[in-house]
Amino acid sequence: MPLTSDPPVDELRTSQRPRPPEAADRAADDPADLKVVPVRHPWRWVAVAVTAVLIAQFVHGLVTNPAWEWQVFAEFFTAGTVLQAVWITLQLTVYGTALGFALGVVLAFMRLSASPFLRWVAFGYIWAFRSIPLIVQLLFWFNLAYLYKRLDFGIPFGPGFFSFDTMGLVGAMGAAVLGLALHQAAYAAEIVRGGVLAVDGGQLEAASALGIPRLRQLRRIVLPQAMRSILPNATNEVISLFKGTSIVSVMAIGELFYQVQVIYGRNGRVVPLLMVATAWYILLTTVLSVLQHYVERHFAKGATR
C-alpha cells in the first residue's frame, strides 16, 4: 500500500484549469469590487437605546416636576448675596491655588534635592498635611490665637524685636486661605515632582555638557516638558480646591455653599437653592476645564505634529 496518494484526476484538472485573464486582473487590481461586510454590534445599539431613554426620562423629570421650583432657582441664581458669595469662593480658590502651588514647587525641589535633610523635611510636611483632614487643619488655624497669643520676631531662642497679636493677625478669611494653601501645597508638591521626574534625564546631561546654567536648564528644558504631565493633575487639584472651599462654611465665612444654607434656612426652599449652588459650581468648573484645554495646547507645541 503506498504511503502517499495522488490527488484525484478531476481535482487536478480543475486546479490546473487556466483562469480568464480579465477575472484575475479584476480580482488583483480592483479591491473596490470586494464586498465589505461591516461588523455588527447589536448590543451596542441596545446600550445606546437604554441610555437615551434614561437620559430623556431624567430631563423630562427636571422640566415637569414642580418640586424643583425653577422659578425660585431663577430668582436667586443672580441674587446679589449669591454673586457676592461666588466672588468670595473665587478669592479662596485663587489665593489657595497660588500660595499652595508656590509652596508646592519649593517642596517638590526639596524632595529632589541631594540633601537628605531637605528631602526628609519635605517628606514630613507632605506626609503630615496629607494625613490630617482639611476641616481639622482649618479649625486649627482658626483657633491659632488660643495656642499662641502673639508671634515674636527676633533672635531664635532669644529676645524678640517686635511681635504681632495673633487675634488680629489671623482672622476667619486669613485662616481659611492659610489652611487651604498649606493643604494644597502637599498635593501640589507631588504633582510637580512627578512632572519633573517624567522628563528624560539625558536631556539634562546634554544641557550640562553644552554648558547651559542649571537655572536655565530648569526654566527652558525641564519645566516646559514637565508641564505636559503637571497640567492635568494640577487642574484636577484646582477644581477639587474650588469645590472644597465649601468646607470653610464651618468657620461662618460667606462663601457660596454657606450663603445658600443661610438663604434656604430662612425661606425653606432647600432644593432650588441647592441647585443654585450646583449650577454655579458646574459653570465655573467648566470655565476651568476650558482654560485647561488651551493651556495644555500651548505646552503641547512641538510634542505633536
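In case you missed it, the structure is sitting above this.
Keep in mind that this is a model prediction, so the values were computed, not measured.

**Re the packing of aromatic side chains**
In step 1: Applying the stated rule across the entire model yields eight aromatic pairs.
In step 2: On the basis of an interplanar angle of 75° and a centroid distance of 5.1 Å, the ring pair of Phe-140 and Trp-141 is categorised as edge-to-face.
In step 3: Following the ring pairs from residue to residue traces out a cluster consisting of Trp-68, Trp-70, Phe-73, Phe-77 and Trp-280.

**A short note on the environment of Phe-129**
In step 1: Residue placement: Phe-129 occurs in helix α6 (residues 116-131).
In step 2: Sequence separation between Phe-129 and Ala-185 is 56 residues, and the spatial gap between their C-alpha atoms is 8.5 Å.
In step 3: When near neighbours in sequence (up to four residues on either side) are disregarded, Phe-129 contacts Gln-137, Leu-182, His-183 and Ala-186.

**Quick look at the pattern of salt bridges**
In step 1: For the structure shown, the criterion picks out three salt bridges.
In step 2: As a salt-bridge pair, Glu-69 and Arg-269 come within 2.9 Å of each other at their nearest N and O atoms. Taken together, the residues span a long stretch of sequence, with Glu-69 in the loop between α3 (42-64) and α4 (70-77) and Arg-269 in the loop between α13 (256-267) and α14 (270-299) at a distance of 200 residues.
In step 3: Given a relative accessible area of 35%, Arg-269 falls into the partly exposed group.
In step 4: Taken together, the shared-partner salt bridges in this structure form one network comprising Arg-111, Glu-190 and Arg-193.

**Quick notes on the environment of Gln-225**
In step 1: Of note, Gln-225 is situated in helix α12 (residues 214-244).
In step 2: Residues Gln-225 and Ala-198, spaced 27 residues apart in sequence, show a C-alpha to C-alpha distance of 8.4 Å.
In step 3: Once residues within four sequence positions are removed from consideration, Gln-225 is found in contact with Val-199 and Gln-203.

**Concerning the packing of α13 against α14**
In step 1: At a minimum axis distance of 9 Å, the contact between α13 and α14 shows a crossing angle of 165°. On the basis of their axis angle, the class for α13 and α14 is roughly antiparallel. For the element pair α13 and α14, the recorded crossing hand is right-handed. Contacts between α13 and α14 pair Leu-256, Phe-257, Val-260, Ile-263, Tyr-264 and Asn-267 from the former with Val-270, Leu-273, Leu-274, Ala-277, Trp-280 and Tyr-281 from the latter.

Cut-offs and rules
Residues numbered from 1 in each chain as written. Predicted model: local features only at pLDDT ≥ 70, side-chain atom pairs only at ≥ 80, totals over all residues. Heavy atoms only, no water. Phe/Tyr/Trp six-rings, centres within 6.5 Å; stacked < 30°, edge-to-face > 60°. Helix = DSSP H or I, 4+ residues; strand = E, 2+ residues; numbered from the N terminus. Contact = heavy atoms within 4.5 Å. Salt bridge = Lys/Arg side-chain N within 4 Å of Asp/Glu carboxyl O. Buried < 20%, exposed > 50% of the residue type's maximum accessible area, 1.4 Å probe, protein only. Axes fitted to C-alpha atoms, helices over the stretch in contact; angles between N-to-C directions. Parallel < 35°, antiparallel > 145°, perpendicular 65-115°, else oblique. Left-handed = near helix turned anticlockwise from the far one by under 90°.

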